[in-house]
Protein chains: 2
Amino acid sequence: MRSAANATAPHPRPSVLGGAAHRPARAGLTAFEQETLAVFVGLARVVGLPKSYGEIYGLLYASAGPLNFGDIQERLGLSKGSVSQGLKALRAVGAVRLAEPAGGDRDHFVPETELRKLVGGFLKESIRPHLDGSDRRLAALGGLVGPSAAGPAERKILQGRVDKLMRWHRQGRAVLPWIEKLLG
Amino acid sequence: MRSAANATAPHPRPSVLGGAAHRPARAGLTAFEQETLAVFVGLARVVGLPKSYGEIYGLLYASAGPLNFGDIQERLGLSKGSVSQGLKALRAVGAVRLAEPAGGDRDHFVPETELRKLVGGFLKESIRPHLDGSDRRLAALGGLVGPSAAGPAERKILQGRVDKLMRWHRQGRAVLPWIEKLLG
DNA sequence: ACCCGAGTTCAAGAAAAAATGAACAAATAA
DNA sequence: TTATTTGTTCATTTTTTCTTGAACTCGGGT
């Protein structure tokens, strides 16, 4: 591809020229971008994702057009490693996609902006695996009530707890699709 | 005085749950208890709560009767500080309650076992606050699109993003009550 | 072939979160 | 009152998680 050093060519890069930066926290980010990042960094926290992932998604969200790897790294001031891993993870969850498969140049990234897909991807990649994992554990639990309980009364209570736990799982699973549906 | 703080302190303290220990990984915990802990520690992780909270709730869940502070500390081998904070937080979320206000002795704790209440408490204490917090941020975002955008086309796109973000929040808020309802 | 730039991987350092323990407060008993 | 037992708070230590940077791979381009 072309002039290696800089890939900023095809994209209108919002610059800090005219408007005065209010909070020069991160060089080269507009106030709009900074606020957007803050929103998504907070969101990342809530869902247990690293800050840098929130920043990457936030920057894409605050950009009118696709950005490539270099853009992201440069503007956020992150290491290549972080950007690489962040993009990989975000793509795995379906939060970020490649723009225009063709195009010749480097890969460009855009944010997925459909809430339903975003949440869907997250549920699928993060919640379901957990449910599946603990399902195995739960199966084993049933057999352990007996040896553990001191008497029949206690035994009954504990068995009830195990049953309830299994019910929770079923309910949890059942709710996920509804959440996605309600967000559509 | 003996500092009862640490794990290796052997105690003759019988708890509501007597029982033979099959896997003495954690001294004095039955296999059933250990498995149950594992389940809730995993759950705590998913929800972004410290492991110790999961252990505390798990132990209560695996116990047929109420436990007091000392029971919990001793059997889990946690420090007093951890138990204190854990119980406080779990109570704040409504995951743990005091059993029988009367009774004379120390406070006894029981787990909340209604899924709806558990989830409800969590949503109320953890998700809502976040939504409220970012609402303020979002309000500000609208005013920053103009100064940030390079041209009218871009401006329009970014404005669309901001609008969408606000819509997400509304949808998010709207879904929460449904989740609780679906779990009832 | 070689070189150069783009991106990935992973060990190691930095940062953040959680657990500890000791000082403290509250409540009870002697 | 003083001594004891119970629980809380918070600074410090420990553990976990995140980020970095350097070595490495992959793919043109010359």
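Just so we're clear, the structure is a prediction, and the values are computed from it rather than from any experiment.

(A) The arrangement of the overall build of chain A in detail. From N to C terminus, chain A includes six helices and three strands. Start at the N end of chain A and walk to the C end: the helices and strands fall as α-α-β-α-α-β-β-α-α. Taking all 184 residues of chain A together, the buried fraction comes to 40%. For chain A, the accessible area works out to roughly 9,600 Å², and carbon and sulfur atoms hold 57% of it.

(B) Representation of the packing of aromatic side chains. Scanning the entire structure with this criterion turns up 10 aromatic pairs over all chains. When the centroid spacing of 6.3 Å and the interplanar angle of 85° are considered together, the rings of Phe40(A) and Trp168(B) count as edge-to-face. One end of the pair, Phe40(A), is in helix H1 (residues 31–47); the other, Trp168(B), is in helix H6 (residues 152–183), on a second chain. Judged by its relative accessible area of 3%, Phe40(A) is buried. Within the aromatic cluster, the residues linked to one another by ring pairs are Phe40(A), Tyr57(A), Tyr61(A) and Trp168(B). Above the plane of the ring of Trp178(A) lies Lys181(A), whose end atom (NZ or CZ) is 5.8 Å from the centre. Residue placement shows Arg161(B) over the ring face of Tyr61(A); its charged tip is 5.4 Å from the ring centre.

(C) How the structure looks around the relation of the copies chain B and chain A. For the match of chain B to chain A, the screw axis carries a shift of 0.0 Å, the RMSD comes to 0.1 Å, and the turn is 180°. Each copy turns onto its partner about a two-fold axis. In terms of proximity to the rotation axis, the leading residue of chain B is Gly48(B), whose C-alpha is 3.2 Å off the axis. Take the interface residues of chain B: 88% of them recur as interface residues in chain A, which is what a same-surface contact looks like.

(D) Structural detail: the environment of Glu125(B). Residue and element names in this part refer to chain B. Its location among the elements puts Glu125 in helix H5 (residues 115–148). On the basis of relative accessible area, Glu125 is assigned to the partly exposed category, the value being 40%. Residues Glu125 and Gly94, spaced 31 residues apart in sequence, show a C-alpha to C-alpha distance of 9.4 Å.

(E) Helix H2 (residues 51–61) of chain B, seen in detail. Burial analysis of H2(B) places 10 of its 11 residues in the buried class, the great majority of the element. Residues of H2(B) that are buried include every one of Ser52(B), Tyr53(B), Gly54(B), Glu55(B), Ile56(B), Tyr57(B), Gly58(B), Leu59(B), Leu60(B) and Tyr61(B), and no others.

(F) Inspection of the interface of chain B and chain A at higher detail. The interface of chain B with chain A comprises 49 residues on the first partner and 47 residues on the second. Interface area, chain B with chain A, both sides summed: about 4,500 Å², of which 71% is carbon and sulfur. Three residues stand out in chain B for area buried against chain A, namely Phe32(B), Arg161(B) and Trp168(B), and they jointly supply 16% of the buried area on that side. The salt bridge involving Arg137(B) is made with Glu35(A); its shortest N-O contact spans 3.4 Å. On the surface where chain B and chain A come into contact, there are 12 residue pairs in polar contact (both at pLDDT 80 or more). Secondary-structure elements contributing two or more residues to the side of chain B that touches chain A are helix H1 (31–47), H2, H5 and H6 of chain B. When grouped by side-chain class, the residues that make up the side of chain B that touches chain A number 33 nonpolar, 11 polar and five charged.

(G) A look at the protein's contact with DNA strand D. For DNA strand D, the set of nearby residues contains 17 residues, the closest of which are Ser52(A), Ser82(A), Arg45(B), Ser84(B) and Arg106(B). Among the atoms of DNA strand D close to the protein, meaning within 4 Å, 63% are from sugar or phosphate groups. Between Lys80(B) and DNA strand D, the recorded distance is 3.2 Å, taken from a side-chain N or O atom to a base oxygen. In this structure, a phosphate oxygen belonging to DNA strand D sits 2.7 Å away from a side-chain N or O atom of Ser84(B). Listed by contribution, the elements that provide at least two residues to the surface near DNA strand D are helix H2 (51–61) and helix H4 (80–92) of chain A together with helix H4 (80–92) of chain B. Considering each element in turn, the surface near DNA strand D owes the most residues, five residues, to H4(B).

Parameters and conventions
Every chain is numbered independently, its residues counted from 1 as its sequence is written. To read the labels, note that chains go from A and ligands from 1, taken in the order they are written. Local features in this predicted model are restricted to residues of pLDDT 70 or higher, and side-chain atom pairs are both shown and tallied only at a pLDDT of 80 or more, whereas totals for entire chains, interfaces and linings draw on every residue. Excluded from the side-chain calculations are hydrogens and water; all other atoms, namely the structure's heavy atoms, are used. Strands here mean DSSP runs of E at least two residues long; helices mean DSSP runs of H or I at least four residues long; both are numbered from the N terminus. Partly exposed residues are those whose accessible area sits between 20% and 50% of the maximum for their type, while under 20% is buried and over 50% is exposed, using a 1.4 Å probe and protein chains only. For the area figures, the Shrake-Rupley method with a 1.4 Å probe applies, and any residue is considered shielded solely by the protein chains shown. Pairing of aromatic side chains here covers Phe, Tyr and the six-membered ring of Trp, requires ring centres within 6.5 Å, and sorts the geometry by plane angle: under 30 degrees stacked, over 60 edge-to-face, intermediate tilted. The rule is short: NZ of Lys or CZ of Arg within 6 Å of the ring centre and within 35 degrees of the ring normal puts a charge over the ring. In superposing the copies, a least-squares fit is computed on C-alpha atoms, taking residues whose pLDDT is at least 70 in both. Whether two residues touch is decided by their heavy atoms; if any such pair falls within 4.5 Å, the residues are in contact. A quick way to say it: buried area is the sum, across both parts, of accessible area lost when two parts are put together, with a 1.4 Å probe. The working definition used for a salt bridge is a side-chain nitrogen of Lys or Arg within 4 Å of a carboxyl oxygen of Asp or Glu. Identification of polar contacts relies on pairs of N or O atoms within 3.5 Å, with a donor-acceptor requirement for protein atoms, meaning one able to donate a hydrogen and the other able to accept it, and with residues adjacent in sequence counted only if both atoms are side-chain atoms. Three classes are used, and their members are as follows: Ala, Val, Leu, Ile, Met, Phe, Trp, Tyr, Cys and Pro are nonpolar, Asp, Glu, Lys and Arg are charged, and the others, Gly among them, are polar. We define proximity as follows: a residue is near a molecule or strand when any one of its heavy atoms falls within 4 Å of that partner.

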